[in-house]
Every structure is written in structure tokens, then in C-alpha cells.
Amino acid sequence: MKCLLLAFALVLPTAALTEPIETQKIITAAAGDWNGDGAIDLAMIVETEPGAAMDMHFFLRDKEHNFLKPAGIVQEQMYGEWNGYDRPGYEASYIEPELTALPNGSIKLYIPGIPSNGARTDQTLTIAWRNNGFVVAGFSYDYHDYMKDNVASDCDYNLLTGKGKSSKMQPDGTRLHRTVAVEGKVVPIAEWDSGASFTDCGE
């Protein structure tokens, strides 16, 4: 199975805005209280250039001075289809990441899979603020090979507890369900890669 591998690199906030963000390159954004201080924070995914991976920006609101303060960037590791907003005959892409603010203050990051030889793996991360940093608290994926019969699998587990569930379609069309039970861990975004999470899911 071909997986979309992501490895995140978190840079210091002082480097967060070395260049202005072009608003037309903002693919998705979400606002919520990420660090639980009662103020509304921001996260966004920004295109870089055609054929290159996208950036994810985090901002925390400074309550005392009432402005959004850069809290880090995941640089050029967010893959998706280039939007093409500045091209003649522009049409919106259907392979773009999506951010959603969750009621508990976490961030849902949906990463649609780029089809490869008829197969596609969609991933979803739950990003949470822990120990003064953003960590990957949850991971799920949905894999399907559209060129083959009964070739599909999925998984959904909590990295903090190590608990979850997975399933894999069998040749007869039934699903084999499994329990994910690994050691719980706090994984900063800078140290997370999807390969380890797929391994935890039994792939």
C-alpha cells in the first residue's frame, strides 16, 4: 500500500513571518482557542509555489496586547494539489487539505490522498496544544484501491493513550476488525511522521 508520508518541521516563531502571506494563497484556515486561555487563536495552510508542498502556520493571541502572535510553521510538508488561482481558466482543486476547529480546542487537519495507480489514502490528524507546543493527539486514515475488488483498510487511534481501532477488508468482502493498543505518547509535530502511525495501526 502506498502511503502519503508526512514529516513535519517546526521552526521558531521569530522566523514565522519573514515574508508576507499572500491572502490568495491561503487554502484553509480555522480559528479556535488552541491553548485554553479564553482567546481566539488561528491556524492556516498556505500555498508556496506550484509543485511544492504547502506551509501550515500557527498563531496564538496575545491577550494583553490583543494581537495574533506567530507560534510556529510547519514548512513545505503539507501536500495537496496546487490551487492554480492565478492561471487562466482556474478551477478549484479537489485535493486540498482542510482545517476545522473542534469544540475541545483541538485542530482537525484533513489531508485528502493524491490518487496513485487507482489507490488513495486520506488522512486526518488531531492537533492539540500540550506542554506549550502543538502535538499530534490523534491519527486516522482511510485507504481504498479503486482498481481492485475488496482492497481497503482504515484506522483511528489516539496517540496520547495509544488506543483505537482498525479494520482491513478481506477477499470475500468482509472486514477484519482489530484493536489498536500501543504505548501512549506525546509526539510534537516536529517529531511526527505518518510511517510510525501506520505501523501502530498494524500496516
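Thresholds, definitions, all that
- Residues numbered from 1 in each chain as written.
- Predicted model: local features only at pLDDT ≥ 70, side-chain atom pairs only at ≥ 80, totals over all residues.
- Heavy atoms only, no water.
- 1 Å grid on protein atoms, 1.4 Å probe; cavity = no way out; pocket = protein on both sides within 12 Å on 5 of 7 lines; lining within 4 Å.
- Points joined across faces, edges and corners; volume = space filled by probe spheres on them.
- Helix = DSSP H or I, 4+ residues; strand = E, 2+ residues; numbered from the N terminus.
- Nonpolar A, V, L, I, M, F, W, Y, C, P; charged D, E, K, R; others polar.
- Core = buried A, V, L, I, M, F, W, Y, C linked by side-chain atoms within 4.5 Å.
- Buried < 20%, exposed > 50% of the residue type's maximum accessible area, 1.4 Å probe, protein only.
- Pairing = 2+ DSSP bridges.
- Axes fitted to C-alpha atoms, helices over the stretch in contact; angles between N-to-C directions.
- Salt bridge = Lys/Arg side-chain N within 4 Å of Asp/Glu carboxyl O.

Participant: Residues and numbers for the layout of surface pockets, please.
Facilitator: Taken as a whole, the second largest pocket encloses approximately 160 Å³ of empty space. In this structure, the second largest pocket is lined by 14 residues; those nearest its centre are T126, A137, G138, Y157 and N158. Of all the secondary-structure elements, those providing two or more residues to the lining of the second largest pocket are β8 (119–130), β9 (133–145) and β10 (152–158). When the residues that make up the lining of the second largest pocket are grouped by side-chain class, the tally is five nonpolar, seven polar and two charged.

Participant: How would you sum up the nonpolar core? Please name residues and give values.
Facilitator: M56, F58, I107, I127, F134 and F139 are the most contacted members of the largest nonpolar core, which totals 32 residues. Taken together, the elements giving at least two residues each to this core come down to β2 (26–32), β3 (41–46), β4 (54–62), β5 (67–78), β7 (107–111), β8, β9 and β10.

Participant: Describe in detail the sheet that holds β10, supporting the description with residues and values.
Facilitator: A sheet is described by the order of its strands in space; here seven strands give the open sequence β6-β7-β8-β9-β10-β11-β12, paired in antiparallel fashion. Looking at strand neighbours, the two that pair on one side only are β6 (98–101) and β12 (175–181), the edges of this open sheet. Strand-to-strand twist in this sheet, taken as the mean axis angle between neighbours without regard to direction, amounts to 15°. Relative to β12, strand β11 (residues 163–169) runs antiparallel, the two being bridged by seven bridges. Looking at β12, one finds that K165 is bridged to T179.

Participant: I'd like a description of the pattern of salt bridges, backed by residues and values.
Facilitator: Tallied over the entire structure, the rule returns five salt bridges. A salt bridge links E22 to K25; its shortest N-O distance comes to 3.5 Å. Here E22 falls in the partly exposed class, since its relative accessible area comes to 37%. Overall, K25 belongs to the buried group, its relative accessible area being 14%. Linking K185 and D200 is a salt bridge whose minimum nitrogen-to-oxygen distance equals 3.3 Å. Separated by 15 residues along the polypeptide, K185 in the loop between β12 and α1 (194–200) and D200 in helix α1 bring together distant segments of the chain. Judged by relative accessible area, which is 34%, K185 ranks as partly exposed.

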